[in-house]
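What follows is each chain in one-letter form.
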Amino acid sequence: MNLKTFFSNLINSLLGGSFERMRVINQMNMAFKEYFTCGEFSRLCKVSISQGNSAYAHEMSSLWFRSGFKISIENDSRLQESEISELAHYVTANESFIRQLMAMGFDTLVIKGKTTGISQTFALKKFANLKQYFIG
């Protein structure tokens with residue numbers, strides 16, 4: 001880990017409120033890189049913290065400018081909306097993971113092409129299956 005990465009992680013952790021958020025992001029980044037390099041996934045993705053959508057907020061949300069869980073598609077040439085939807089379905093199908101993200105303060109899933117600007121946002125609370133609770 002170089003000095004720039006260390007300070008970036010430290011600042012993100014201090015602003016985000018926990019090292020757990022950075023641990024999850026780092027694990028996801030390693031997994032996406034592995035899936036890409038071994039050919040299981042044709043797109044290279046990177047996960048980061050971004051601005052969330054205040055309309056998607058819930059009781060556990062972080063500050064709106066730190067509540068987005070962003071997946072950036074690095075090689076987005078000829079990216080189609082159906083690919084974003086497929087990736088979103090892969091992430092949102094795991095209720096346990098969605099609840100974990102919500103408990104860490106995330107409220108918005110952002111999937112975006114790095115250069116094309118094609119993006120979609122999703123309210124995490126819609127996928128957590130918490131209808132019987134007061135997550136609003």
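Below or above, wherever it landed, is the structure these notes cover. (Residues numbered from 1 in each chain as written. Predicted model: local features only at pLDDT ≥ 70, side-chain atom pairs only at ≥ 80, totals over all residues. Heavy atoms only, no water.)

## Describing helix 3 (residues 81–92)
Phase 1 of the analysis: With 12 residues, helix 3 extends 16 Å between its outermost C-alpha atoms, agreeing within 8% with the 16 Å of an ideal straight helix rising 1.5 Å per residue.
Phase 2 of the analysis: Here helix 3 has its buried residues at Ile-84, Leu-87, Ala-88, Val-91 and Thr-92. In an axial view of helix 3, the angular spread of the buried residues amounts to 125°, which keeps them on one side of the axis. Opposite its buried face, helix 3 presents the exposed residues Glu-86, His-89 and Tyr-90, each directed more than 90 degrees away. (Helix = DSSP H or I, 4+ residues; strand = E, 2+ residues; numbered from the N terminus. Expected span 1.5 Å × (residues − 1). Buried < 20%, exposed > 50% of the residue type's maximum accessible area, 1.4 Å probe, protein only. Arc of directions from axis to C-beta.)

## Focus: unusual backbone geometry
Phase 1 of the analysis: One non-glycine residue, Arg-78, lies in positive phi territory at about 60°.
Phase 2 of the analysis: Its place among the elements puts Arg-78 in the loop between strand 2 (68–73) and helix 3.
Phase 3 of the analysis: Assessed through its relative accessible area of 75%, Arg-78 is described here as exposed.

## Side note on the sheet that holds strand 4 (residues 119–123)
Phase 1 of the analysis: Taken together, the 4 strands give an open sheet; going across it, the order is 1-2-3-4, and neighbouring strands pair in mixed fashion. Edge positions in the sheet fall to strand 1 (45–50) and strand 4, since each has one partner strand and no second. Sheet twist, expressed as the mean angle between neighbouring strand axes with direction ignored, is 20°.
Phase 2 of the analysis: Two elements, strand 2 and strand 3 (residues 108–113), share 6 bridges in a ladder whose sense is parallel. Residue pairing in the sheet places Lys-70 in a bridge with Val-110 of strand 3.
Phase 3 of the analysis: The sheet strands contacting helix 2 (residues 19–37) are strand 1 and strand 2, and the helix crosses strand 1 at an angle near 160°.
Phase 4 of the analysis: Sheet strands touched by helix 3: strand 1, strand 2, strand 3 and strand 4. Its angle to strand 3, the strand with the most contacts, is close to 150°. (Pairing = 2+ DSSP bridges. Axes fitted to C-alpha atoms, helices over the stretch in contact; angles between N-to-C directions. Contact = heavy atoms within 4.5 Å.)

## Here we look at the packing of aromatic side chains
Phase 1 of the analysis: Under the counting rule described, the total for this entry stands at 4 aromatic pairs.
Phase 2 of the analysis: Ring plane angle 75° and centroid distance 5.3 Å describe the contact between Phe-69 and Phe-106, whose orientation is recorded as edge-to-face. Of this pair, Phe-69 sits in strand 2 while Phe-106 is found in the loop between helix 4 (95–103) and strand 3, placing the two residues 37 residues apart along the sequence. An identical accessibility class is assigned to Phe-69 and Phe-106; each is buried.
Phase 3 of the analysis: Taking the centre distance of 6.5 Å and the plane angle of 65° together, the rings of Phe-122 and Phe-127 count as edge-to-face.
Phase 4 of the analysis: Accessibility expressed as a relative area gives 16% for Phe-122, which makes it buried.
Phase 5 of the analysis: One aromatic cluster in this structure is built from Phe-69, Phe-97 and Phe-106.
Phase 6 of the analysis: Sitting over the face of the ring of Phe-106, Arg-21 holds its NZ or CZ atom 4.0 Å from the ring centroid. (Phe/Tyr/Trp six-rings, centres within 6.5 Å; stacked < 30°, edge-to-face > 60°. Lys NZ or Arg CZ within 6 Å of the ring centre and 35° of its normal.)

## Looking at the pairing of strand 2
Phase 1 of the analysis: Counting buried positions over the 6 residues of strand 2 gives 5, a clear majority of the element.
Phase 2 of the analysis: Alignment of strand 1 against strand 2, held across 6 bridges, turns out to be antiparallel. Directly across from Ser-48, in strand 2, lies its bridge partner Lys-70.

## Focus: the side chain of Ser-72
Phase 1 of the analysis: Mapped onto the elements of the fold, Ser-72 is located in strand 2.
Phase 2 of the analysis: Engagement of the side chain of Ser-72 in a polar contact is seen with the side chain of Glu-74, the distance being 3.1 Å.
Phase 3 of the analysis: Once residues lying within four places of it in the same chain are set aside, the contact partners of Ser-72 are Leu-44, Cys-45, Lys-46, Lys-112 and Lys-114. (Polar contact = N/O pair within 3.5 Å; in protein donor to acceptor, adjacent residues only side chain to side chain.)

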